[in-house]
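Here is how the chains run, residue by residue.
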Amino acid sequence: MKICFATNNHNKVKEVQALLGDKYHLITLDEAGVDFELREDYDTLEANSKQKAEQVYEIAGVPVFADDTGLEVEALNGAPGVYSARYAGEQKNDKDNIKKLLNELGDSANRSARFRTVITLILEGEVKQFEGVVEGVITQQESGEEGFGYDPVFVPENKGVTFAEMTASEKNEISHRGRAVNKLVDYLKSI
């Protein structure tokens, strides 16, 4: 069965396809005929993930799953949250986002944060959601060269290094997205 993963990142598709095995064949947005940026009009990860999946389902008519991810910082009342990718402005810029985050936190002693991913699956018209969370803290300064986004300033719980100091496979073993994807894969394998 074909399922569209609402991304054009072939590495992400390959990674999830390996977890799914042969029962499902993942296709990208391009392969599903969706050639525009998906809208994200809501203020929750759940609603944005669902909106993206619904857009693809309406256009392509194939089973689909879409994700939305945010960094939620306790001292900032959950910000940047759903606005994580555009925290410093409409143009997505990881360095500017990190700079703004560290400035906003300042010398705050409370550096607790969590990454959260919500995946929405639409299969035969039925909607299911899967959540993955990883708790951690925000560092005082950037460290590491790997990853993307806020990885250089996020240290996951019980780890002594940032996501940016881990290999991709080390990060994927404990990441929020990995946890949500594993729940999705378990569900698809069970039906």
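The shown structure was predicted, so the numbers you read here are calculated from the model rather than taken from an experiment.

Scoring rules and cut-offs
- Residues numbered from 1 in each chain as written.
- Predicted model: local features only at pLDDT ≥ 70, side-chain atom pairs only at ≥ 80, totals over all residues.
- Heavy atoms only, no water.
- UniProt positions renumbered as here; feature names shortened; annotations may be inferred.
- Helix = DSSP H or I, 4+ residues; strand = E, 2+ residues; numbered from the N terminus.
- Buried < 20%, exposed > 50% of the residue type's maximum accessible area, 1.4 Å probe, protein only.
- Contact = heavy atoms within 4.5 Å.
- Polar contact = N/O pair within 3.5 Å; in protein donor to acceptor, adjacent residues only side chain to side chain.
- Core = buried A, V, L, I, M, F, W, Y, C linked by side-chain atoms within 4.5 Å.

Next up on the list: the UniProt feature "active site" (unreviewed entry) in the chain. UniProt's feature table lists "active site" (unreviewed entry) at D68, given in the numbering used throughout. One can find D68 in strand β3 (residues 64-73). Under the relative-accessibility criterion, D68 is labelled buried at 7%. Aside from chain neighbours lying at most four places away, what touches D68 is E40, T44, L45, N48, S49, K52, V82, R116, T117 and V118. One polar contact links D68 to N48, side chain to side chain, over a distance of 3.4 Å.

Let us look at the nonpolar core. With 18 residues, the main nonpolar core has L71, V73, L101, I138, Y150 and F154 as its most contacted residues. Residue assignment for this core shows that the elements contributing at least two residues are β3, α3 (94-105), β5 (112-123) and β6 (126-138). No other element matches the four residues that α3 contributes to this core. For L71, the residues in contact, after removing those within four places along its chain, are G78, A79, P80, G81, S84, L101, A113, R114, F115, I138, Y150 and F154. Ranked by size, the runner-up nonpolar core spans 17 residues in total, among them I3, L20, L26 and V185.

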